[in-house]
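Examining the three-dimensional arrangement
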Protein chains: 2
Amino acid sequence: MTTAHSDRDARHHQRQDEIIAAARRCVRRAGFHGASMSQLASESQLSVGQIYRYFANKEEIVAEMVRRIVATRVAAIEGNTAAERLPQLLAWRQALNDDDDLLMLEVAAEASRNRRIADILADADRLMFDNARREVAAAYPHLEAARLSACVEIIAVLIDGTAFRRLTPQKAAAAQLLPLYQQLFHQLFETDK
Amino acid sequence: MTTAHSDRDARHHQRQDEIIAAARRCVRRAGFHGASMSQLASESQLSVGQIYRYFANKEEIVAEMVRRIVATRVAAIEGNTAAERLPQLLAWRQALNDDDDLLMLEVAAEASRNRRIADILADADRLMFDNARREVAAAYPHLEAARLSACVEIIAVLIDGTAFRRLTPQKAAAAQLLPLYQQLFHQLFETDK
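Here the residue numbering is sequential within each chain, running from 1 through the sequence in written order. To read the labels, note that chains go from A and ligands from 1, taken in the order they are written. In view of the model being predicted, local features appear only for residues whose pLDDT reaches at least 70, and side-chain atom pairs are presented and counted only at 80 or more, with totals across whole chains, interfaces and linings using the full set of residues. Note that water and hydrogens are dropped before the side-chain values are worked out from all heavy atoms of the structure.

Within an unreviewed UniProt entry, the label attached to chain A reads HTH tetR-type domain-containing protein, and the organism entered is Duffyella gerundensis.

UniProt marks residues 13–73 of chain A with the feature "domain: HTH tetR-type" (unreviewed entry), using the numbering shown here. Runs of H or I in DSSP of at least four residues are treated as helices and runs of E of at least two as strands, each being numbered from the N terminus. Taken end to end, residues 13–73 of chain A comprises 87% helix and 0% strand; its first and last C-alpha atoms sit 21 Å apart. UniProt positions are given in the numbering used here, feature names are shortened, and annotations may be inferred rather than shown by experiment.

The subject of this paragraph is the pattern of salt bridges. Salt bridges are defined as contacts in which a side-chain nitrogen from Lys or Arg sits within 4 Å of a carboxyl oxygen from Asp or Glu. Across all of its chains, the model carries 40 salt bridges over all chains by this definition. Two residues, Lys171 of chain A and Asp125 of chain B, come together in a salt bridge whose shortest N-O distance is 2.6 Å. Here the residue Lys171 of chain A occupies a position in the loop between helix 8 (145–165) and helix 9 (174–189), and Asp125 of chain B occupies one in helix 7 (residues 115–139), the pair thus bridging two chains. A single burial state applies to Lys171 of chain A and to Asp125 of chain B, both of which are buried. The salt bridge involving Glu60 of chain B is made with Arg116 of chain B; its shortest N-O contact spans 3.0 Å. Taken together, the residues Glu60 of chain B in helix 4 (residues 58–77) and Arg116 of chain B in helix 7 connect sequence positions 56 residues apart. The buried label applies to any residue whose accessible area, calculated with a 1.4 Å probe on protein chains only, is under 20% of its type's maximum; exposed applies above 50%, and partly exposed to all values in between. Looking at Glu60 of chain B, the relative accessible area reads 25%, which means it is partly exposed. On the basis of relative accessibility, which here comes to 32%, the residue Arg116 of chain B falls in the partly exposed class. Counted as one network, the salt bridges with shared partners bring together Arg93, Arg165 and Lys171 of chain A together with Asp125, Glu153 and Asp160 of chain B.

Turning our attention to the packing of helix 7 (residues 115–139) of chain A against helix 8 of chain A. Residue and element names in this part refer to chain A. Every axis in this analysis is a line fitted to C-alpha atoms, fitted for helices over the stretch in contact. Angles between the N-to-C directions lie between 0 and 180 degrees. Interaxial distance between helix 7 and helix 8 falls to 10 Å at its minimum, and their mutual angle equals 120 degrees. Here helix 7 lies oblique to helix 8, going by the angle between them. Pair helix 7 / helix 8 crosses with right-handed handedness. On helix 8, the residues touching Phe129, Ala132, Arg133, Val136 and Ala137 of helix 7 are Ala145, Leu148, Ser149, Val152 and Glu153. Residues are grouped as follows: nonpolar covers Ala, Val, Leu, Ile, Met, Phe, Trp, Tyr, Cys and Pro; charged covers Asp, Glu, Lys and Arg; every other residue, Gly included, is treated as polar. Residues of the contact of helix 7 with helix 8, tallied by class, amount to 7 nonpolar, 1 polar and 2 charged. Comment on the angle field: the value is read as roughly parallel under 35 degrees, roughly antiparallel over 145, roughly perpendicular from 65 to 115, and oblique elsewhere. Each crossing is labelled by how the near helix is turned from the far one, with a counterclockwise turn of less than a right angle marking it left-handed and a clockwise turn marking it right-handed. We call two residues in contact whenever any of their non-hydrogen atoms come within 4.5 Å of each other.

A residue counts toward the fit only if its pLDDT is at least 70 in both copies, and the copies are then superposed by least squares on the C-alpha atoms of those residues. Between the two copies, chain A and chain B, the superposition gives an RMSD of 0.0 Å; the rotation angle is 180 degrees and the shift along the axis is 0.0 Å. In symmetry terms, the pair is related by a two-fold rotation axis. Taking C-alpha positions as the reference, the residue of chain A nearest the rotation axis is Gly161 of chain A, at 1.7 Å. Of the residues that chain A buries at the interface, 100% are likewise interface residues in chain B, meaning the two copies contact each other through the same surface.

Another point: the UniProt feature "DNA-binding region" (unreviewed entry) in chain A. When the UniProt feature table is mapped onto this chain, "DNA-binding region" (unreviewed entry) is found at residues 36–55 of chain A. The span residues 36–55 of chain A is 75% helical and 0% strand by assignment, and the distance between its end C-alpha atoms comes to 14 Å.

An expected span of 1.5 Å times one less than the residue number is assigned to each helix. Its 25 residues give helix 7 of chain B an end-to-end C-alpha distance of 36 Å, which sits within 8% of 36 Å, the value for a rise of 1.5 Å per residue. Polar contact is defined as a pair of N or O atoms within 3.5 Å, subject to the rule that within protein one atom must be able to donate a hydrogen and the other to accept it, and that residues adjacent in sequence are counted only when both atoms are side-chain atoms. You can read the cap of helix 7 of chain B off the contacts: a side-chain oxygen lies 3.1 Å from the backbone nitrogen of Arg116 of chain B, and it is on Asn114 of chain B.

All right, on to the packing of aromatic side chains then. Between rings of Phe, Tyr and Trp, where Trp is taken as its six-membered ring, a pair exists when centres lie within 6.5 Å; planes separated by under 30 degrees are stacked, by over 60 edge-to-face, and by other angles tilted. Inspection of every chain in the model, using the stated rule, returns 4 aromatic pairs over all chains. Between Phe185 of chain A and Phe189 of chain A, the aromatic rings sit 6.1 Å apart at their centres with planes inclined by 40 degrees, giving tilted as the arrangement. In this pair, Phe185 of chain A and Phe189 of chain A are both assigned in helix 9, 4 residues apart and thus about one turn of the helix distant. Across the pair, exposure class does not vary: Phe185 of chain A and Phe189 of chain A are buried alike. Consider the rings of Tyr140 of chain B and Phe189 of chain B, whose centres lie 4.3 Å apart with planes at 0 degrees: the pair is stacked. Of this pair, Tyr140 of chain B sits in the loop between helix 7 and helix 8 (145–165) while Phe189 of chain B sits in helix 9 (residues 174–189), and the two are 49 residues apart along the sequence. As far as the burial class goes, Tyr140 of chain B and Phe189 of chain B line up, both buried. Grouping aromatic residues by their ring pairs yields a cluster made of Tyr140, Phe185 and Phe189 of chain A.

The subject of this paragraph is the interface of chain A and chain B. Frequently, the measure chosen for interface size is the accessible area removed from exposure when the parts meet. Taken together, the contact pairs 49 residues of chain A with 49 residues of chain B. As used here, buried area is the combined drop in accessible area, with a 1.4 Å probe, of two parts when they are placed together. Both faces combined, the contact of chain A with chain B buries some 4,500 Å², and carbon together with sulfur accounts for 65% of it. When residues of chain A are sorted by the area they lose upon contact with chain B, Arg165, Lys171 and Gln187 of chain A head the list and together hold 15% of the total. Taken together, the links from chain A to chain B amount to 12 salt bridges. Where chain A meets chain B, there are 20 residue pairs in polar contact (both at pLDDT 80 or more). Looking at the side of chain A that touches chain B, the elements that each hand over two or more residues are helix 1 (3–34), helix 6 (98–111), helix 7, helix 8 and helix 9 of chain A.

Moving on, we come to the environment of Glu135 of chain A. By the secondary structure assignment, Glu135 of chain A is in helix 7. With 36 residues separating them along the chain, Glu135 of chain A and Asp99 of chain A place their C-alpha atoms 25 Å apart.

Moving on, we come to the domain arrangement of chain A. All names here are of chain A. Residue ranges for the domains trace back to a domain assignment, done automatically or taken from a database. Entries for chain A in the domain assignment read domain 1 (1–55) and domain 2 (59–189). Summarising the inter-unit geometry, the C-alpha centres of domain 1 and domain 2 are found 28 Å apart. The tally of links from domain 1 across to domain 2 stands at 3 salt bridges. We note a salt bridge from Asp99 to Arg28, for which the minimum N-O separation is 3.2 Å. Our enumeration of links across domain 1 and domain 2 arrives at 4 residue pairs in polar contact (both at pLDDT 80 or more).

Written out as structure tokens, the structure is:
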């Protein structure tokens, strides 16, 4: 690859990064519908025409935004077995990234009326689920396939529910929640044998 | 109260119902920001001025919409002890009302940038939590106060997480989830003694 080529690639990636960063700010500030292509252009200091050179439409910008959020989440759980750290994270309602959680909430709200956004959300969930399933399978090889999926689904429910509830004041003491979550995870990963 | 008075009251309530119904349709169709007062007026076949006679602003319409959703939810769990029906509802991801869940998702997304909406969401959550806490306390009088709050919080996490995950395809068999949820609730409501 020539230097001119790699320079162009670097500029291309930088522009994409700028557009995604602008999209995140727009959606957080004004919601999904408040973030129009023209507001996005103004926020990223590009013309609408320039943005279309990088993304075919707003849905594709959202798809890339979600892909990056998923990549962060997948990297965060890599090598971390659920039973060890999750009870802590849940009891103290710790977020990996608050902004990511709020952006996913916007995407979820929009998914109920926009087929393309629903597909983006479904793909993201499938990717995170399969990744978590692999991690849990490696850590608890004794779990059989159906039980493994059920365990990962309950973990996903707990993570998504906790992220949602972070929007309102916590009503139970974290120190009281911790042993209950620990017991719950212990039970999830034990086999009946 | 004269007949003229009660007629006027009945008309007043009917108008309020119509405005709330129109608001629900607008928010579902176009999101929180897509539901402007003028769209609301058009949807409810009233003038913007008429709507202001019933509600001071859009936030007050949302507050009333949320109050009604909360009332439905509170009525639904009244007399139903969690440990008996909840594992079924969670495993099969049954919704009390899909539209209510989606509207609450819109409200939650908006809560992160609108103080008044955040307060409405916090009040709703407080009311549902306290109500659920009373129900669980009546059914399991042996639970001490802090443990009771922690149990109700975990139930709330499971309910909110399940509602959120209803937006993407289910990845574990309900029949496999059911015994895990039953075991989990059994454990939650048992004391250590």
